[in-house]
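# Geometric and topological summary
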Amino acid sequence: MDNCIFCKIVNGEIPSRIIYEDEHVIAFHDINPIAPIHILLIPRLHISSFNDILPENKELMGHMAWVSKEIAKQNKIDEKGYRIVFNCGEHGGQEVYHLHAHILGGRLLGGLVKR
Ligand code: 5GP
Ligand code: ZN
């Protein structure tokens, strides 16, 4: 996808602090963290938002859930707890239109609002 910042991260055109990658997904540190642990997990495939998930993406979504859990464990936030967030659309506060999960932890997270 042209002009998609996360596709550029997937293609290595923009540097990022990658912590995990496999054939389907990449995880890297958020550039503007709102918690001690703030990792973004994205599919290599360009899917614009949660609204654009197709039936054929169901396995990928399950993989993202699994990898999120493993990343939480690897970053030692599994025991105290953490939050997985997908912002969708304007009211959801989505800024980057390439599907991503925020993996947030390392502090007590208040309310449900992002910032
Ligand atoms: P959204 O608001 O779309 O759910 O979240 C987008 C997230 O991407 C924000 O938390 C923002 O800080 C992060 N972000 C935006 N551009 C970049 C970038 O170039 N590199 C990294 N690592 N994170 C980014
Ligand atoms: Zn993209």
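A brief look at the structure comes next. Not measured: the values here are computed from a predicted model.

How each quantity is defined
- Residues numbered from 1 in each chain as written.
- Chains lettered and ligands numbered in written order.
- Predicted model: local features only at pLDDT ≥ 70, side-chain atom pairs only at ≥ 80, totals over all residues.
- Heavy atoms only, no water.
- Helix = DSSP H or I, 4+ residues; strand = E, 2+ residues; numbered from the N terminus.
- Rg over C-alpha atoms; globule rule 2.2 N^0.38 Å.
- Buried < 20%, exposed > 50% of the residue type's maximum accessible area, 1.4 Å probe, protein only.
- Contact = heavy atoms within 4.5 Å.
- Areas by Shrake-Rupley, 256 points an atom, 1.4 Å probe, with all protein chains shown as cover.
- Lys, Arg positive; Asp, Glu negative; His and termini not counted.
- Charge placed at Lys NZ, Arg CZ, Asp CG, Glu CD.
- Donors = N, O, S within 2.8 Å, 3.2 Å for Na, K, Ca; no water.
- Tetrahedral: all angles 85-135°; square planar, octahedral: opposite > 155°, others 65-115°.
- Core = buried A, V, L, I, M, F, W, Y, C linked by side-chain atoms within 4.5 Å.
- Salt bridge = Lys/Arg side-chain N within 4 Å of Asp/Glu carboxyl O.

## Remarks on the overall build of the protein chain
When its secondary structure is counted, the protein chain shows two helices and five strands. Its helices and strands taken in sequence order, the protein chain reads α-β-β-β-α-β-β from the N to the C terminus. For 115 residues, the compact-globule formula gives about 13 Å, and the C-alpha radius of gyration of the protein chain, at 14 Å, lands near that figure. C-alpha atoms of the protein chain, sized along the principal axes, occupy 35 × 30 × 30 Å. For the protein chain, the proportion of its 115 residues judged to be buried stands at 38%. Nonlocal contacts in the protein chain, meaning residues at least 24 apart in sequence, comprise 54% of its contacts between residues at least 6 apart. Summing over all exposed atoms, the protein chain offers an accessible surface of approximately 7,300 Å²; the carbon and sulfur share of this is 54%. Charged side chains in the protein chain number 12 positive and 14 negative. The centres of these two groups are separated by 10 Å.

## A few points about the coordination of the zinc ion (ligand 2)
Taken together, Cys4 (SG), Cys7 (SG), His46 (ND1) and His98 (ND1) make up the full set of protein donors to the zinc ion (ligand 2), lying 2.0 to 2.3 Å away. Note that the zinc ion (ligand 2) binds four donor atoms; their angles at the metal cover 107 to 116°, and the shape is tetrahedral. Linear spacing of the donor residues for the zinc ion (ligand 2) on their chain is C-x2-C-x38-H-x51-H. Placement of the pair is cysteine 4 in the segment before helix H1 (5–10) and histidine 98 in the loop between strand S4 (82–85) and strand S5 (101–105), with a sequence separation of 94 residues. The buried category is assigned to histidine 98, whose relative accessible area is 0%.

## Here's the deal with the environment of isoleucine 5
The residue isoleucine 5 is located in helix H1 in this model. When sequence neighbours within four positions are dropped, the list of residues in contact with isoleucine 5 reads Ile14 and Val96.

## Things to note about the nonpolar core
Counting 16 residues, the largest nonpolar core has Val25, Ile39, Leu41, Met64, Ile71 and Ile103 as the members making the most contacts within it. Of all elements in the fold, only strand S2 (25–29), strand S3 (37–43), helix H2 (58–74) and S5 reach the threshold of two or more residues within this core. The greatest single-element share of this core, amounting to six residues, is contributed by H2. Every residue in contact with leucine 41, bar those within four places of it in the chain, is listed here: Val25, Ile26, Ala27, Met64, Val67, Ser68, Ile71, Leu99, His100, Ala101 and Ile103. Among the nonpolar cores identified, the runner-up in size contains nine residues, and Cys4, Ile9, Phe28 and Ile42 belong to it.

## Brief notes about the pattern of salt bridges
The final tally for this structure, using the stated rule, is two salt bridges. With a closest N to O distance of 3.1 Å, glutamate 21 and arginine 44 form a salt bridge. A residue pair is termed long-range when its members are at least 10 positions apart, and glutamate 21 in strand S1 (residues 18–21) and arginine 44 in the loop between S3 and H2 qualify at 23 residues. You can call arginine 44 partly exposed: its relative accessible area is 29%.

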